[in-house]
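# Analysis of the macromolecular model
This is what each chain is made of:
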Amino acid sequence: MAGHSQFKNIMHRKGAQDAKRAKQFAKVIREITVATRSGMPDPAMNPRLRAAITAAREVNMPKDTVERAIKKASGAGGGEDYVAVRYEGYGPAGVAIIIEGLTDNRNRTASEVRAAFSKHGGSMGETNSVSFGFNHIGVITYPQDAASEDDMLEAAIEAGADNVETTEDGHEITTAMEALMSVRDALEGRFGEPRSAKLDWRPQTTVTLDEDQARSVLKLIDVLEENDDVQAVYANFDFPDEVAEALAA
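About the cut-offs
- Residues numbered from 1 in each chain as written.
- Predicted model: local features only at pLDDT ≥ 70, side-chain atom pairs only at ≥ 80, totals over all residues.
- Heavy atoms only, no water.
- Pairing = 2+ DSSP bridges.
- Helix = DSSP H or I, 4+ residues; strand = E, 2+ residues; numbered from the N terminus.
- Axes fitted to C-alpha atoms, helices over the stretch in contact; angles between N-to-C directions.
- Contact = heavy atoms within 4.5 Å.
- Core = buried A, V, L, I, M, F, W, Y, C linked by side-chain atoms within 4.5 Å.
- Buried < 20%, exposed > 50% of the residue type's maximum accessible area, 1.4 Å probe, protein only.
- Expected span 1.5 Å × (residues − 1).
- Polar contact = N/O pair within 3.5 Å; in protein donor to acceptor, adjacent residues only side chain to side chain.
- Patch = residues over 30% accessible without salt bridge, like charges linked within 9 Å, V, L, I, M, F, W, Y side chains within 5 Å.
- Areas by Shrake-Rupley, 256 points an atom, 1.4 Å probe, with all protein chains shown as cover.
- Salt bridge = Lys/Arg side-chain N within 4 Å of Asp/Glu carboxyl O.
- Lys, Arg positive; Asp, Glu negative; His and termini not counted.
- Charge placed at Lys NZ, Arg CZ, Asp CG, Glu CD.
- Parallel < 35°, antiparallel > 145°, perpendicular 65-115°, else oblique.
- Left-handed = near helix turned anticlockwise from the far one by under 90°.

Moving on, we get to the sheet that holds strand S3 (residues 123-125). Strand-to-strand pairing in sheets goes through backbone hydrogen bonds, with the strands running parallel or antiparallel. Strand order in the open sheet made by the four strands is S3-S1-S2-S9, with antiparallel pairing throughout. Only two strands of the sheet have a single neighbouring strand rather than two, namely S3 and strand S9 (230-235). Neighbour to neighbour, the strand axes of the sheet diverge by 30° on average, direction disregarded. Relative to S9, strand S2 (residues 96-103) is paired through five bridges, and the arrangement is antiparallel. The partner of Ile99 across the bridge, within S9, is Val233. Here helix H5 (residues 106-119) sits on the sheet in contact with strand S1 (83-90), S2 and S3, set at roughly 20° to S1.

Our focus in this paragraph is the nonpolar core. In this structure, Ile97, Ile99, Leu224, Phe237 and Phe239 are the most contacted members of the largest nonpolar core, which totals 23 residues. For this core, the leading source of residues is helix H8 (residues 211-226), giving six residues.

What follows concerns H8. Between its terminal C-alpha atoms H8 stretches 22 Å, which fits the 22 Å expected from 16 residues at 1.5 Å a residue. Every buried residue of H8 is accounted for by Ala214, Val217, Leu218, Leu220, Ile221, Asp222, Leu224 and Glu225. One side-chain oxygen at the N-terminal end of H8 lies 3.2 Å from the backbone nitrogen of Asp212; it belongs to Asp210.

The next subject is a negative patch on the surface. A cluster of acidic residues, Glu149, Asp150, Asp151, Glu154 and Glu158, forms a negative patch on the protein surface. When you line up the elements, Asp150 lands in helix H6 (residues 149-159).

What follows covers the packing of H8 against helix H9 (residues 241-248). Helix-helix packing is described using two parameters, namely the angle between the two axes and the distance between the axes. Running from amino to carboxyl end, H8 crosses H9 at an angle of 60°, the nearest separation of the two axes being 10 Å. Here H8 is positioned oblique relative to H9, judged by the angle of their axes. Seen along the crossing, H8 lies across H9 with a hand that is right-handed. On H9, the residues that touch Glu211, Ala214, Arg215 and Leu218 of H8 are Val243, Ala246 and Leu247.

To continue, consider the pattern of salt bridges. A full pass over the atoms with the stated rule returns 14 salt bridges. Salt-bridge contacts for Asp228 lead to Lys23; the nearest nitrogen and oxygen are separated by 2.7 Å. Taken together, the residues span a long stretch of sequence, with Asp228 in the loop between H8 and S9 and Lys23 in helix H2 (residues 17-38) at a distance of 205 residues. In this structure Asp228 comes out as partly exposed when scored by relative accessible area, which is 44%. Here Glu88 and Arg86 are joined by a salt bridge, their closest N and O atoms 2.9 Å apart. With relative accessibility at 1%, the residue Glu88 sits in the buried group. A network of salt bridges, in which partner residues are shared, links Arg30, Asp104, Arg108 and Asp229.

Written out as structure tokens, the structure is:
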């Protein structure tokens, strides 16, 4: 669920697959819980819950696990009460980082995030201290075989999207933040359920890292993403192909 998916294969190259899967499930269940309580337990009437269920499918969560999470969250007074939090700061080499989370204890989460920054060469800032350098947008993705490039572009623009990029990895449709669900619903009616549909923070400029800097930044992001309260981490870094190859070795 991290916003810098192009680096995901590098950042998650270590660790047992079962443990990783369990952590992914826990984060998605937390989002399903909050989404259910923010509206109706019926996905057809709750756009945020529909997006959470799509995220569950993305990590191959069993249908009965999703249904149990919705049922538990919709029960009167049952389960944890989570609130959305956002933290911002700078990592090594001046990389700007945004962390989004869902927590039942703000003090604990803030303390853990601050400690991660401090231990790994960064510093946590105030809210909006780095987000001004990002665009907060909606992103919808489809596999390449869902539609031709022209058909996807035509349908997306007609639905109110801002842009479509088609590559060998598939179609990526970007929208204004508030238009995400309406565009998603319009495209789903024509091409079926998208691979993903979520809000994203996209940097306006990026910091190019060398190998040592990249290792330091990725270590900090690894630690942040391991935190159970953290849902997604976004950062404004990039690095050359040769650095990516060295990191993957």
